[in-house]
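# Examining the three-dimensional arrangement
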Amino acid sequence: MSKDATVDLIRSLIEAMDGPSLAREMRGPVEGWESLAMILEFGEGYRSTHGYAYSPDGVITAVACDWSSIESAVHAYLGSHYKPGDLLPVKILVQFDRTTGRYQVTFEDTDEERWAVKPANYREMREALRPKFD
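Attention in this report is confined to the structure presented alongside it. All residue numbers here refer to positions counted from 1 along the written sequence of the relevant chain. Totals for whole chains, interfaces and linings use every residue, but because this is a predicted model, local features are given only for residues with pLDDT of at least 70 and side-chain atom pairs only at 80 or more, for both listing and counting. Excluding hydrogens and water, the side-chain figures rest on all heavy atoms present in the structure.

## Considering helix α1 (residues 5-18)
Given 3.6 residues per helical turn, the α-helix brings residues three or four places apart onto the same face. Operational definition: The helix and strand labels rest on DSSP assignments: H or I over at least four residues marks a helix, E over at least two residues marks a strand, and numbering proceeds from the N terminus. An expected span of 1.5 Å times one less than the residue number is assigned to each helix. Exposure classes here rest on a 1.4 Å probe applied to the protein chains alone. A residue is buried below 20% of its type maximum, exposed above 50%, and partly exposed in between. The term polar contact refers here to a pair of N or O atoms within 3.5 Å; inside protein, the definition further demands a hydrogen-donor-capable atom paired with an acceptor-capable atom, and it admits residues adjacent in sequence only when both atoms are side-chain atoms.
The end-to-end C-alpha separation of α1 is 20 Å, in line with the 20 Å expected for 14 residues at 1.5 Å each. Most of α1 is tucked away: 10 of the 14 residues are buried. By the burial criterion, the buried members of α1 are A5, T6, D8, L9, I10, S12, L13, I14, A16 and M17. Structurally, the start of α1 carries an N-cap: the backbone nitrogen of T6 is 2.8 Å from a side-chain oxygen of D4.

## Overview of the pairing of strand β5 (residues 103-108)
Within a regular strand, the side chains alternate between the two sheet faces. Test applied: Two strands pair under a simple rule: DSSP has to find at least two bridges between them.
In the sheet, strand β4 (residues 91-97) pairs with β5 via 6 bridges, with the strands oriented antiparallel. Along β5, the bridge assignment pairs V94 with V105. Between the end of β4 and the start of β5, which pair antiparallel, lie 5 residues, with G101 showing a positive phi angle near 80°.

Dropping the structure here:
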């Protein structure tokens, strides 16, 4: 582990995204991606992590992580930003570009519908979530 909780969080997301899961077994490993966008959700009684991996050839792959595989990195990351007892965000968007090493983490404190991916908007959302570091 590094001394940077953000780097450790991103590393854990990448490892979990490439790790064993039912979704991966159904479609195979995510290969050749250059950037990713992952949404971490903190609901009452549930946790979820899902998003997209973007390949240079234009392929966009839906990805997800098993929460237990990232939990320690998430706790360390949150612990570096919040004090015990603080109200946590409802969602966190993690964007990472593997070719440049740039990343951005955006917190959503109250709007549970922000970054909500639904059948009617998934095409727009996967583009809206795509990392763009200008």
